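In case you want the letters, here they are:
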Amino acid sequence: MNKNNDFKCQLWFSEYHTKNFALSLRVRDVLFTGKSKYQEIQILDTYDFGKVLILDNTFQTTERDEFIYHELISHPALFTHPNPKKVLVIGGGDGGTVREVVKHESVERVDFVELDEKVLELCKKYMPSLSCEVENEKVNIIVGDGIKYVAECEEKYDVIIVDCPDPVGPAVGLFEKEFYKNVFKCLNDDGIMTQQTESPLYNLDLIKKIYAHLKDAGFSIVKPYVCSMPTYPSGFWCFTMASKKYNPLDVDENKIKERLEKISTKYYDEEVHKGVFLSSPKFLKDELKK
Ligand code: SAM
């Protein structure tokens, strides 16, 4: 078999970010392909990024770069809050966010609201490095819609993390004004929320809309922050933190260092904590001022 034929035999998965731009990973094995009640699901074993979860043809998480995303969606809020005890995670069926949350000694309970039982089941089977803590005794799995959950919820949380997919299908409402009002209602008076808020290059209008909704909902501090995420559209990603009381930039670095002695991280530390909030790109800050 010559080199050319070799190439033809290879299996690749491509996610099209635009009509003219795609990210492709070479596939070693197809571990699962099928449909749940809510979405098409694939779990692939890839050469460079390990096992990969794909929902509706969109990369959700990969074993190789997931730590960047899961540490950054979780720890900035959890370390900004001085004593997070009760945490709500919405979405995040792969388990990566829950894994980071339970690392915090102060956390007593994590309510984990994931819409799709099939994602939970498949990630438990195929991606144990992410799902390893979903059976932790502190974690209360609720299979259901996070939008409905916060609308009906009478509990109060210290931190709420929204680990959602792109705003399509059942996730659309996770980016709407009503949802943010309900998140505000479900937080204690010093509560904090963080959500993944898409690509600053492709979704600037959405990020601006979310910022305005969070301010309208009553959050006094709203801070988008960015990082590189190799397998997400544009490779450049945004999270937004909204806080009722604590400013992430006021947190004492020594306190973070002290708490980090008991927690193992690969990306996040006290410098990254300050750094992410101080390094928002100018174009994003300029847009948010408008
Ligand atoms: N890190 C990912 C990203 O940025 O694309 C998100 C990963 S996680 C797998 C997203 C999860 O949110 C999916 O498992 C999906 O089933 C779940 N989800 C979608 N809409 C939801 C809703 N309304 N309530 C709760 N979970 C939802």
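Conventions adopted
- Residues numbered from 1 in each chain as written.
- Predicted model: local features only at pLDDT ≥ 70, side-chain atom pairs only at ≥ 80, totals over all residues.
- Heavy atoms only, no water.
- Helix = DSSP H or I, 4+ residues; strand = E, 2+ residues; numbered from the N terminus.
- Rg over C-alpha atoms; globule rule 2.2 N^0.38 Å.
- Buried < 20%, exposed > 50% of the residue type's maximum accessible area, 1.4 Å probe, protein only.
- Contact = heavy atoms within 4.5 Å.
- Areas by Shrake-Rupley, 256 points an atom, 1.4 Å probe, with all protein chains shown as cover.
- Core = buried A, V, L, I, M, F, W, Y, C linked by side-chain atoms within 4.5 Å.
- UniProt positions renumbered as here; feature names shortened; annotations may be inferred.
- Axes fitted to C-alpha atoms, helices over the stretch in contact; angles between N-to-C directions.
- Parallel < 35°, antiparallel > 145°, perpendicular 65-115°, else oblique.
- Left-handed = near helix turned anticlockwise from the far one by under 90°.
- Nonpolar A, V, L, I, M, F, W, Y, C, P; charged D, E, K, R; others polar.

1. So, the overall build of the chain
Alright, step 1. Along the backbone of the chain there are 11 helices and 12 strands.
Alright, step 2. What you see for the chain is a C-alpha radius of gyration of 19 Å, in line with the 19 Å of a compact globule of 290 residues.
Alright, step 3. Its C-alpha atoms give the chain principal-axis dimensions of roughly 65 × 45 × 40 Å.
Alright, step 4. Out of the 290 residues belonging to the chain, those deemed buried represent 54%.
Alright, step 5. For the chain, the proportion of contacts with a sequence separation of at least 24, taken over those separated by at least 6, is 66%.
Alright, step 6. Carbon and sulfur atoms form 48% of the exposed surface of the chain, whose accessible area is close to 13400 Å².

2. Focus: the nonpolar core
Alright, step 1. Core analysis: the biggest nonpolar cluster contains 38 residues, and Leu72, Val101, Val110 and Phe239 have the highest contact counts within it.
Alright, step 2. Take this core: its biggest share by element is eight residues, from helix α2 (residues 66–80).
Alright, step 3. Those residues in contact with Val101, other than ones at most four positions away along the chain, are Ser74, Leu78, Val87, Val89, Val107, Val110 and Ile161.
Alright, step 4. By size, the runner-up hydrophobic cluster in this structure holds 26 residues, among which are Cys153, Val162, Cys164 and Ile210.

3. Considering helix α10 (residues 270–278)
For the α-helix, the turn length of 3.6 residues means that residues three or four positions removed from each other point alike.
Alright, step 1. Glu270, Val272, His273, Lys274, Val276 and Phe277 are the residues of α10 that are buried.
Alright, step 2. For α10, the secondary structure elements touched by its buried residues are α2, β11 (221–228), β12 (236–243) and α9 (253–260).

4. Examining the UniProt feature "binding site: S-methyl-5'-thioadenosine" (unreviewed entry) in the chain
Alright, step 1. Feature annotation in UniProt places "binding site: S-methyl-5'-thioadenosine" (unreviewed entry) on Gln39, Glu114, Asp145, Gly146 and Pro170, given in this structure's numbering.
Alright, step 2. Note that Gln39 resides in the loop between β2 (21–35) and β3 (40–46).
Alright, step 3. Here Gln39 is in contact with Gly34, Leu55, Asp56, Asp116 and Val119, once residues within four sequence places are set aside.
Alright, step 4. Topologically, Pro170 is positioned in the loop between β9 (157–163) and α7 (177–185).
Alright, step 5. For Pro170, the residues in contact, after removing those within four places along its chain, are Leu115 and Ile147.

5. Topic: the packing of α7 against helix α8 (residues 204–217)
Packed helices, taken two at a time, are described by the angle their axes make and the gap between the axes.
Alright, step 1. Contact geometry for α7 and α8: axes closest at 9 Å, N-to-C directions at 45 degrees. Comparing the axis directions of α7 and α8 gives the class oblique. As α7 packs across α8, the resulting crossing turns out to be right-handed. The residues of α8 that touch α7, namely those facing Lys177, Tyr180, Lys181 and Phe184, are Ile210, His213, Leu214, Asp216 and Ala217.
Alright, step 2. Class assignment for the residues of the contact of α7 with α8 results in five nonpolar, one polar and three charged.

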